[in-house]
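Structural features, examined
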Amino acid sequence: MNRPLRIAQVAPPMERVPPRAYGGTERIVHELVRELDRRGHEVTTFASGDSEVPGRHVVTVAEALRPAGYSGDPSPYFYLTIEAVLDRAGQFDIIHSHLEWASVLLARVSPVPVVSTFHGRLDLPWADETFASPPAGLVAISANQASTHPNVPWAGIVHNGLTLEAAPFDRRRGDALCFVGRIAPEKGIIEAIEIAKATGRPLRIAAKFGPLASEREYFETVFRPALEAAGPSVEFLGELEQAERDVLFAESYASLMPGSWPEPFGLVAIEALACGTPVVARRVGALPEIIRDGVDGFFGDDITDLAFKVGRVGDLDREAIRGSVKDRFSAGRMTDGYEAIYRDMLGEEDGAAAAGGATSASGGGSVAREPRTIRSLPATAVR
């Protein structure tokens, strides 16, 4: 029987935990905190004051920055979060940071082991220099994400997981397609409108745009004119909370992900699949690790190809789609993977890993754990 651990979970100050609407990283932090607490660990969450988490809560900012409309440089708030963690570091066996690149700094100066999960893109200008002498405990959320730096000694690859049992399935489905995400060119929101027009199907869009000037300009000069030109067949719903998003997925014929953004993971995909809704997407980033082509949905190369693939969605087994994703990407499987990494960092044997709770990078589970340098990664971790 493994001893309970004293674990610090460190969330960014941008969104509350859990987020009311948009906020993938913070959703994962909440799932992990909740499951670790349920398993008897002593969990302390560093997060915004409007967060709601079990266990102990250390407030890093009074209110999450993005919903409050903050559009300045968030870096000072990340540094203040690191200071708050270091001031209490002696209270923990292990610290799990979700601060992206700031996690590396925390790991270098912390007196206790730090696990650092990267939730965003790693193919960035400063990445090679940052990873030239990496600290221990670095975790990727997909094989594709890790493959951008194959010589990094990744502590593991842990696919994200969610509590999916309550995702609605028996809703009356319509003919409409849906798009859920950000209003940004790399997410393919304009392409989604074009695909809907090509298929003759309505489209419902649940998306947010950020406070930056460039984001607002794209909304006003590109998205809004495209929306107006599409007419009543395209409905813009704005930013929806999770329950509303789930209903949107469950009522839709298919979910579109036509962007060129190399998704480090793709929570939208597993949310849709949990509702039994197939996903039609470009083959980018980690999506091939989630979507089984011809089983959970289809991949296409361009607007014409994706529109054609929408026409094949009716052949798919929605109940089987739902059942598979609930197993492969559950919060429990994700937590098994992180517990194994925590124990490995502390030099303790992990019962979950010994019992088969973690799989290799080429396995079929939602957790892929490689405690050594990853030299070669498969195109997909799903079999």
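Scroll up a little and you will see the structure.
A brief report on the enclosed structure follows. (Residues numbered from 1 in each chain as written. Predicted model: local features only at pLDDT ≥ 70, side-chain atom pairs only at ≥ 80, totals over all residues. Heavy atoms only, no water.)

Looking only at helices and strands, one finds 14 helices and 14 strands in the protein. At 20 Å, the protein has a C-alpha radius of gyration in line with the 21 Å of a compact globule built from 383 residues. For the C-alpha atoms alone, the extent of the protein along its principal axes is close to 60 × 45 × 40 Å. When the 383 residues of the protein are sorted by exposure, 57% land in the buried category. If you sum the accessible surface of the protein, you get close to 15400 Å²; carbon and sulfur atoms cover 49% of it. If the 40 positive side-chain charges of the protein are averaged to one point and the 52 negative ones to another, these points end up 3 Å apart. (Helix = DSSP H or I, 4+ residues; strand = E, 2+ residues; numbered from the N terminus. Rg over C-alpha atoms; globule rule 2.2 N^0.38 Å. Buried < 20%, exposed > 50% of the residue type's maximum accessible area, 1.4 Å probe, protein only. Areas by Shrake-Rupley, 256 points an atom, 1.4 Å probe, with all protein chains shown as cover. Lys, Arg positive; Asp, Glu negative; His and termini not counted. Charge placed at Lys NZ, Arg CZ, Asp CG, Glu CD.)

Moving on, we get to the packing of helix α1 (residues 24-38) against helix α13 (residues 331-346). Where α1 contacts α13, the two axes come as close as 10 Å, and the packing angle between them is 75 degrees. Relative to α13, the element α1 lies roughly perpendicular. On α13, the residues that touch I28, E31, L32, E35 and L36 of α1 are A331, M334, T335, Y338, E339 and Y342. Across the contact of α1 with α13, the residue classes tally to seven nonpolar, one polar and three charged. (Axes fitted to C-alpha atoms, helices over the stretch in contact; angles between N-to-C directions. Parallel < 35°, antiparallel > 145°, perpendicular 65-115°, else oblique. Contact = heavy atoms within 4.5 Å. Nonpolar A, V, L, I, M, F, W, Y, C, P; charged D, E, K, R; others polar.)

The grouping of Y79, L105 and V109 at the surface amounts to a nonpolar patch, some 290 Å² of accessible area in total. Topologically, V109 is positioned in helix α3 (residues 102-109). Assessed through its relative accessible area of 45%, V109 is described here as partly exposed. (Patch = residues over 30% accessible without salt bridge, like charges linked within 9 Å, V, L, I, M, F, W, Y side chains within 5 Å. Salt bridge = Lys/Arg side-chain N within 4 Å of Asp/Glu carboxyl O.)

Right, let's get into the pattern of salt bridges. According to the stated counting rule, one finds 26 salt bridges in the structure shown. The partner of R182 in a salt bridge is E186, with the nearest N and O atoms 3.3 Å apart. Residue E186 is classed as partly exposed on the basis of its relative accessible area of 26%. Of the charged contacts, one joins R245 and E271 as a salt bridge, the two residues approaching to 3.1 Å between their closest N and O atoms. Of the two residues, R245 sits in helix α8 (residues 242-251) while E271 sits in helix α9 (residues 267-274), which places them 26 residues apart along the sequence. Considered together, R245 and E271 belong to a single accessibility category, that of buried residues. Each of R3, R6, D93, R343 and E348 takes part in salt bridges that share partners, so that together they form one network.

Taken in spatial order, the six strands make up an open sheet running β10-β9-β8-β11-β12-β13, and their pairing is parallel. Every other strand in the sheet has two partners, leaving β10 (234-238) and β13 (297-299) as the edge strands with one partner each. Strand-to-strand, the axes of this sheet are offset by a mean angle of 20 degrees, without reference to chain direction. In this fold helix α7 (residues 213-230) packs onto β9 (203-208) and β10, with an angle of close to 135 degrees to the strand it touches most, β10. (Pairing = 2+ DSSP bridges.)

Judged by how many residues are buried, β9 sits mostly within the fold: six of six residues are covered. Burial along β9 is two-sided: the residues L203, I205 and A207 and R204, A206 and K208 are all buried. Sheet topology note: the strand β8 (residues 177-182)/β9 ladder contains six bridges and is parallel. Note on β9: the bridge partner recorded for V180 is A206. Following the backbone out of β8, through helix α6 (residues 189-199) and into the adjacent parallel β9, one traces a crossover that is right-handed. Here β9 pairs with β10 via four bridges, running parallel. Bridge pairing in β10 links I205 to F236. (Right-handed = clockwise from strand over helix to strand, strands pointing away.)

Counting through the fold element by element, T148 comes out in the loop between α5 (143-147) and β7 (156-158). On the accessibility criterion, T148 (36% relative accessible area) is partly exposed. Residues T148 and G259, spaced 111 residues apart in sequence, show a C-alpha to C-alpha distance of 19 Å. Those residues in contact with T148, other than ones at most four positions away along the chain, are L122 and D123. Only 2.8 Å separates the side chain of T148 from the backbone oxygen of Q145, close enough to count as a polar contact. (Polar contact = N/O pair within 3.5 Å; in protein donor to acceptor, adjacent residues only side chain to side chain.)

Glancing now at the nonpolar core. Within the largest apolar cluster, 81 residues are counted, with the highest numbers of intra-cluster contacts made by I189, L203, I205, F223 and Y342. Ranked by residues supplied to this core, first place goes to α9 with seven residues. Excluding residues that lie within four positions of it along the chain, L203 makes contacts with L177, C178, F179, A192, I193, A196, S233, V234, E235 and L256. Grouped together as the second largest cluster of nonpolar side chains are 17 residues, F78, V85, A89 and L106 included. (Core = buried A, V, L, I, M, F, W, Y, C linked by side-chain atoms within 4.5 Å.)

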